[in-house]
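Observations on chain architecture
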Amino acid sequence: MGTVLDSHFLALTAIITVCYQFVFFVITALLKFDKVTDFAGSTNFIILAALTLILKGTWHFRQVVLTLLVVIWGLRLGLFLLMRILQWGEDHRFDEMRSNLGKLAVFWFFQAVWVWTVSLPVTIVNATDRDPSLKTEDIIGWLMWAAGFTVEALADQNKLSFKNNPVNRGKWCNIGLWKLSRHPNYFGEIILWWGIFVASVPVLEGAEWLVILGPIFLTLLLLFVSGIPLLEESSDKRFGNLTEYKQYKRATSPLIPLPPIVYAKLPAWFKAVFLFEFPFYSRYLPQQERSTWYRKGSEKTSAD
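In this numbering scheme, every chain counts its residues from 1 along its sequence in written order. The predicted nature of this model means local features are confined to residues of pLDDT at least 70 and side-chain atom pairs, given and counted, to a pLDDT of 80 or more, with totals for whole chains, interfaces and linings taken over all residues. For side-chain calculations, the full set of non-hydrogen atoms in the structure is used, while hydrogens and water are omitted.

1. Here we look at empty space enclosed by the protein
A pocket, in this scheme, is an open set of points on a 1 Å grid over the protein atoms alone with protein on both sides within 12 Å along at least 5 of 7 lines, while a cavity is a set where a 1.4 Å probe fits but cannot get out; residues line either one if an atom lies within 4 Å of a point. Grid points are joined across faces, edges and corners, and a volume is the space filled by probe spheres set on the points. Counted under the stated rule, the structure contains 4 cavities of 30 Å³ or more. Size it by volume and the second largest cavity reaches roughly 40 Å³. Together, Pro229, Glu232, Glu233, Phe280, Tyr281, Arg283 and Tyr284 line the second largest cavity.

Quick look at the structure:
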């Protein structure tokens, strides 16, 4: 069993990830300093991708490309998030965790699981001796990565520009891609990591197909745990009593970018099933608004 784990770098990458995240957990816990959290996550991806490529030493074209894609993504996101938090101040996700060591430990544990699991496709590609010729899946995966990377980077820049404008202080971002999606950056991140998986498909055999757990875990995490739910809660608590915000939320897709004029006319059941507009995304709206949320959507559709 140990040989199998080591041959795929699974044990090595797990140990490195746990140790790396533990160091930053200790820094956060002792110094109450949470400005390096996202930087720690992003750079961990870079370390795993680069280290597995170097240790294997075969330098197949597919291995080099996928490693470079992960490094490019990690550097851009890590530096962007670090600069943003240094500019904006504290990370409000930790407001309830700074004095609660247990909650803080759980967060860092999940970050370690996130890094190791999502890195599985590139880890396995870098560990394998197989090097089939270029396949359609490679091209599709690289294009998916490029599309997702572009969307995520553009969405981040849109929001940064919006926040840096004093006129927008105390408002929610609704410019650029944020007109089409309430969380376009998450859409981009999901697409690019599914692209990494698709590009790994040509070398996968047998149990190695379990690396699909990487993009699945990321998607579920952003949809149900630490991504969209937390930000929807924060926005609803801050702006839920504003008519303009409620109109924006009703007309704007939670994830997949769509023109508001199209999204607003779709029936509630279609939004929930195909576009991830789950009821619990609105549970922190004022009670009256929650009770009429889907009814209004259905009535509007019927009227149209």
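Moving on from the coordinates now.
2. So, the pattern of salt bridges
Should a side-chain nitrogen of Lys or Arg be within 4 Å of a carboxyl oxygen of Asp or Glu, the pair is scored as a salt bridge. As enumerated under the stated definition, the model contains 12 salt bridges in all. Salt-bridge contacts for Asp129 lead to Lys56; the nearest nitrogen and oxygen are separated by 2.8 Å. Here Asp129 is found in the loop between α6 (120-127) and α7 (136-164), whereas its partner Lys56 is found in helix α3 (residues 37-56), with 73 residues between them in sequence. For Asp129, a relative accessible area of 58% translates into the label exposed. As a salt-bridge pair, Glu205 and Arg130 come within 3.5 Å of each other at their nearest N and O atoms. Separated by 75 residues along the polypeptide, Glu205 in the loop between α8 (184-200) and α9 (213-224) and Arg130 in the loop between α6 and α7 bring together distant segments of the chain. Only protein chains enter the accessibility calculation, which uses a 1.4 Å probe; a residue is then buried when its area is under 20% of its type maximum, exposed when over 50%, and partly exposed in between. Residue Glu205 is classed as partly exposed on the basis of its relative accessible area, which comes to 47%. On the accessibility criterion, Arg130 (27% relative accessible area) is partly exposed. One network of salt bridges, with partners in common, ties together Arg182, Glu232, Asp236, Lys249 and Glu277. The numbering of helices and of strands both runs from the N terminus, where a helix is a DSSP run of H or I of at least 4 residues and a strand a run of E of at least 2.

3. Brief notes about unusual backbone geometry
One non-glycine residue, Phe9, lies in the positive phi region at around 60°. Mapped onto the elements of the fold, Phe9 is located in the loop between α1 (2-7) and α2 (10-31). We note that Trp59 has phi near 55°; this positive angle belongs to a residue other than glycine.

4. Structural notes on the nonpolar core
Buried Ala, Val, Leu, Ile, Met, Phe, Trp, Tyr and Cys residues that are joined via side-chain atoms within 4.5 Å together make up what is termed a nonpolar core. Core analysis: the biggest nonpolar cluster contains 44 residues, and Phe45, Leu66, Trp73, Trp114 and Trp193 have the highest contact counts within it. Broken down by secondary-structure element, the contributors of at least two residues to this core are α2, α3, α4 (61-88), α5 (101-118), α6, α7, α8 and α9. Those residues in contact with Leu66 that sit more than four places away from it in its chain are Val122, Val125, Trp142, Ile196, Ala199 and Ser200. Trp172, Trp178, Tyr245 and Leu285 belong to the second-largest nonpolar core, a separate cluster that totals 11 residues. Pairs of residues are marked as contacts when any of their non-hydrogen atoms sit within 4.5 Å.

5. With respect to the packing of aromatic side chains
The criterion for an aromatic pair is that two Phe, Tyr or Trp rings (for Trp, the six-membered ring) have centres within 6.5 Å, with stacked assigned to planes under 30 degrees apart, edge-to-face to planes over 60 apart and tilted to the rest. Under the criterion given, the structure shown has 24 aromatic pairs. Centre to centre, the rings of Phe45 and Trp73 are 5.1 Å apart; their planes meet at 90°, and the pair counts as edge-to-face. Of this pair, Phe45 sits in helix α3 while Trp73 sits in helix α4, and the two are 28 residues apart along the sequence. The two residues Phe45 and Trp73 agree in class, both being buried. By definition, being over a ring means that NZ of Lys or CZ of Arg is both within 6 Å of the ring centre and within 35 degrees of the ring normal. It is Arg76 that lies over the ring of Phe80; its NZ or CZ is 5.6 Å from the centre. Here the guanidinium or amino end of Lys271 rests over the ring plane of Tyr263, the centre of that ring lying 4.4 Å away.

6. Some points on the side chain of Ser42
Tracing the backbone shows Ser42 in helix α3. Its relative accessible area of 1% is what places Ser42 among the buried residues. Not counting residues within four places of it along the chain, the set of residues in contact with Ser42 comprises Gly74, Leu77 and Gly78.

7. Describing the confidence of the model for the protein
Every residue is assigned a pLDDT by the predictor, reflecting its confidence on a scale from 0 to 100. Across the protein, the average pLDDT comes to 89, with 88% of residues at 70 or higher. Ignoring residues within four places in sequence, the model shows residues 1-5, a span with pLDDT below 50, making 2 contacts including any to other chains.

8. Side note on α2
At 3.6 residues per turn, the α-helix brings residues three or four places apart onto the same side. The end-to-end C-alpha separation of α2 is 32 Å, in line with the 32 Å expected for 22 residues at 1.5 Å each. Every buried residue belonging to α2 is among Leu10, Thr13, Ile16, Thr17, Gln21, Phe24, Phe25, Thr28 and Ala29, and all of these are buried. Immediately downstream of α2, the backbone of Lys32 shows phi near 55°, a positive value. By definition here, a helix of n residues has an expected span of 1.5 Å times n minus one.

9. Regarding α9
Between its terminal C-alpha atoms α9 stretches 16 Å, which fits the 16 Å expected from 12 residues at 1.5 Å a residue. Residues of α9 that are buried: Gly214, Pro215, Leu218, Thr219, Leu221, Leu222 and Leu223. Buried positions along α9 lie against α5, α6, α8 and α10 (228-239).

10. What about a nonpolar patch on the surface?
Here a patch means residues that are over 30% exposed by relative accessible area and free of salt bridges, tied together within 9 Å if like-charged and within 5 Å if nonpolar (Val, Leu, Ile, Met, Phe, Trp, Tyr). The protein chains shown are the only cover counted for residues, whose accessible areas, like all others here, come from Shrake-Rupley with a 1.4 Å probe. Taken together, the side chains of Leu210, Leu213, Ile216, Leu220, Phe224 and Val225 present a nonpolar region at the surface, about 520 Å² in accessible area. Mapped onto the elements of the fold, Phe224 is located in helix α9.

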